[in-house]
Amino acid sequence: MRKGHLGIFVLFLYVLTTFVYAEPPEVRFFNWSDYLPEELLERFTAETGIRVRYSTYDSNEAMYAKIKLLQGKGYDLAMPSTYYVDKMRKEGLLHPLDKAKLPGFKNLDPRRLDQPFDPGNVYSIPYLWGTTGIAVNVHRIDPAKVQAWADLWRPEFRRGLLLPNDMREVFFVGLRTLGYSGNSTDPRHLREAYEKLRQLMPNVRLFNSDSPQMLYVTGEVDAGMIWNGNAYRAHQEDPNLRYVYPEEGCLLWMDNLVIPKGAEHLANAHKLIDFLLRPEIGKLIAEKLAYASPNAEAVKLIDPKLRNDPVIYPPDEWLRNGEYTIDVGAAITLYAEYWERLKAGE
Ligand code: N2P
């Protein structure tokens, strides 16, 4: 090949790889509902030209079912809680992260990293963490009567409680009220928890995980299980709503950004994760949603009123008997069976 032709050929290859193999400028993000101020996505698009195709779910199970069905394709980013990160990585549904593309990783608080559900954070980046406790409207209910999960069974709550549409969280309460671990895999414990929760059902007005604080604010429910950030937001609108760390121990959770195995926009997914890791973006997220940020640099910027609020950043002694939800392996099938029966009123 003559020299000039070679040059043209190289140029041709360059054009081909740039325009044919570059990722289309989009990223598909599957997230919990009410879990990201959407104006931040617009800001990301304005900065990078990458369009975010955003869709939401209200439970880990719904997210998992969809990603499993699509065998890890269809989405470039998702947000499982700890125990689903564990399950999904073990099932080969996640793509390892390229830390070289995530300079913002260094902003994360080491205390939230390298957890047993994903040692070394090979697959996941913590986004927000928090607790699940009890919400109570002290205008209608004497707060002295609501100090423990066991109090939710009181007859005065008949048809007055709100529970999250969250299988593991509801079973956590059944199990812990009986004195068992909220992660038990023992079929006898699960059977007992199911029987116990059946007795709670007459007190349950509804299950909702989309925007639970609204139902407290509108007075539709008087008490129930709630995520601390939602309790904080409800309290802003109605000071009668209080958050209680239950005597038996709260549930501890953390939600994490992951890239599903078959993601087609890997570079864009990393760009979006890194955008969310910026301190000023982390601050906006944490302030808007009122959950705790695992981003140490973001926490420094958070309004001190929120940062010093024990509902959101609880002192260690309140967390002492708290428990993180972990993967229960094959026992999940039994949980799911009892959960369906509970919700069907069986
Ligand atoms: C979504 C809140 C999810 C927090 N609105 C619980 N993991």
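A quick note: this is a predicted structure, and the numbers were derived from the prediction, not measured.

Reading guide: rules and limits
- Residues numbered from 1 in each chain as written.
- Predicted model: local features only at pLDDT ≥ 70, side-chain atom pairs only at ≥ 80, totals over all residues.
- Heavy atoms only, no water.
- Near = heavy atom within 4 Å.
- Polar contact = N/O pair within 3.5 Å; in protein donor to acceptor, adjacent residues only side chain to side chain.
- Nonpolar A, V, L, I, M, F, W, Y, C, P; charged D, E, K, R; others polar.
- Axes fitted to C-alpha atoms, helices over the stretch in contact; angles between N-to-C directions.
- Helix = DSSP H or I, 4+ residues; strand = E, 2+ residues; numbered from the N terminus.
- Parallel < 35°, antiparallel > 145°, perpendicular 65-115°, else oblique.
- Contact = heavy atoms within 4.5 Å.
- Salt bridge = Lys/Arg side-chain N within 4 Å of Asp/Glu carboxyl O.
- Buried < 20%, exposed > 50% of the residue type's maximum accessible area, 1.4 Å probe, protein only.

Colleague: I tried to follow the site of the ligand on my own but got confused; where do I start?
Modeller: Close contacts around the ligand come from W32, S33, D34, Y35, W227, W253, D255 and Y291, and that covers them all. Between the ligand and the protein, one listed contact pairs a nitrogen atom with a backbone N or O atom of S33 at 2.8 Å. A distance of 2.8 Å separates a nitrogen atom of the ligand from a polar atom in the side chain of D255. Taken together, the residues of the shell around the ligand sort by class into 5 nonpolar, 1 polar and 2 charged.

Colleague: So what exactly am I meant to see when it comes to the packing of helix α5 (residues 167–177) against helix α14 (residues 332–343) here?
Modeller: Axes are the key here: two packed helices are described by the angle between their axes and the distance separating the axes. The interhelical angle for the contact between α5 and α14, taken along N-to-C directions, is 90 degrees, at an axis separation of 10 Å. Between α5 and α14, the angle is such that the two are roughly perpendicular. Facing M167, R168, V170, F171 and L175 of α5, the residues of α14 in contact are I332, Y335, A336, Y338, W339 and L342. Class assignment for the residues of the contact of α5 with α14 results in 10 nonpolar, no polar and 1 charged.

Colleague: Got a minute to help me understand the pattern of salt bridges in this structure?
Modeller: Any two side chains of opposite charge can pair, so long as their charged atoms come close to each other. In total, this model carries 25 salt bridges according to the counting rule given. Its salt-bridge partner being R28, residue D76 comes within 3.4 Å of it at the nearest N-O pair. Here the residue D76 occupies a position in the loop between α3 (60–69) and α4 (82–90), and R28 occupies one in strand β1 (residues 26–32), the gap between them amounting to 48 residues. The pair D76 / R28 is uniform in exposure class, with both members buried. The salt bridge partner of E264 is R28, with a shortest N-O separation of 3.7 Å. Placement of E264 in the loop between β8 (251–257) and α9 (266–276) and of R28 in strand β1 is noted, with a sequence separation of 236 residues between them. By relative accessible area, which is 12% here, R28 ends up buried.

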